Amino acid sequence: MGPWDIMSQHFVKRGEPPPGLSSFTKIRLGWIKAHQAQIAKPGETSCVFLSPLSKGGELLVVKIPLDDGTYYLIENRQPIGFDKMLPDSGILVLKVHPEADEGYGTVEVKSASGSRDFANATYKLDMNNRNIFIDRRNKIAIIPLWKEKDNLGVLITTPNHSEAAIKAARAIQELIDQNLRTSDNEEETVILEAITAFKSKNFEKSYAIATRRHEGR
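Residues numbered from 1 in each chain as written. Predicted model: local features only at pLDDT ≥ 70, side-chain atom pairs only at ≥ 80, totals over all residues. Heavy atoms only, no water.

Attention now goes to the layout of surface pockets. In this structure, the second largest pocket encloses a volume near 230 Å³. Along the walls of the second largest pocket sit 14 residues, with Lys 124, Leu 125, Asp 126, Leu 145 and Leu 152 positioned nearest its centre. Those elements that provide at least two residues to the lining of the second largest pocket are strand 8 (140–148) and helix 2 (159–182). For the lining of the second largest pocket, the element with the highest residue contribution is strand 8, accounting for four residues. Classifying every residue of the lining of the second largest pocket by side-chain character gives six nonpolar, four polar and four charged. (1 Å grid on protein atoms, 1.4 Å probe; cavity = no way out; pocket = protein on both sides within 12 Å on 5 of 7 lines; lining within 4 Å. Points joined across faces, edges and corners; volume = space filled by probe spheres on them. Helix = DSSP H or I, 4+ residues; strand = E, 2+ residues; numbered from the N terminus. Nonpolar A, V, L, I, M, F, W, Y, C, P; charged D, E, K, R; others polar.)

Have a look at this one:
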């Protein structure tokens, strides 16, 4: 897991504080309770907003169990608390192999960039080459979403829905960014409508709502 867990790598840079703990380690220590984890099944669609792992909150991790006994863990890593020293931030995807011996790939980071040092491991909505993780064999697509306060969204869906979902999510993010600059009440209503459609899994409708006003100008 490189610098994403102190049990894997004891420091990010020499002379600086160590990194924090992953959701995998926190679950094993009992620091994440059952109500702070959400189960998502392969082949289904779930929209979840995760609190920063190091800060704590109502929902900290998504678990996706697979038929072979392995599973994915999804977490929101931000430069907060013990995670201040991490090399990156965003949605982190871990794959857990419970039957593997300690030190022999029990947990692996599914790096968004593929870099061996895991420096750019997280998934980010605004980066074309890092905005989706796909496991076609298990019919899983994991897509980072926008923030709601401190919580960062993640969509667990199927690969065939991923293109429409990313288009809608990016259109929503563009509206949110624009509204931060203008504080337009009418635009806030459009954002809410687009988000409601997205969370109802109607990605095409969400995209149409989010782009409607822009196209009308």
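More follows now that the structure is in view.
Residues Leu 145, Trp 146, Leu 155, Ile 172 and Phe 198 are the most contacted members of the largest nonpolar core, which totals 23 residues. Of all elements in the fold, only strand 8, helix 2, helix 3 (185–199) and helix 4 (203–215) reach the threshold of two or more residues within this core. Considering every element that reaches this core, the biggest residue donor is helix 2, with eight residues. Among the nonpolar cores identified, the runner-up in size contains 19 residues, and Tyr 72, Val 93, Ala 112 and Leu 152 belong to it. (Core = buried A, V, L, I, M, F, W, Y, C linked by side-chain atoms within 4.5 Å. Buried < 20%, exposed > 50% of the residue type's maximum accessible area, 1.4 Å probe, protein only.)

This part is about the sheet that holds strand 7 (residues 133–135). In sheet architecture, strand pairing relies on hydrogen bonds along the backbone and comes in two forms, parallel and antiparallel. Taken together, four strands build an open sheet; the order of strands is 2-9-8-7 and the sheet is antiparallel. The two strands at the open ends of the sheet, each matched to only one other strand, are strand 2 (46–50) and strand 7. Across the sheet, the mean angle from the axis of one strand to that of its neighbour is 25 degrees, orientation sign disregarded. Direction of pairing for strand 2 relative to strand 9 (residues 151–157): antiparallel, over a ladder of five bridges. If you follow Val 48 over to strand 9, its bridge partner there is Val 154. Against the sheet, helix 2 makes contact with strand 7, strand 8 and strand 9, and its axis sits at roughly 10 degrees relative to strand 8, the strand it touches most. (Pairing = 2+ DSSP bridges. Axes fitted to C-alpha atoms, helices over the stretch in contact; angles between N-to-C directions. Contact = heavy atoms within 4.5 Å.)

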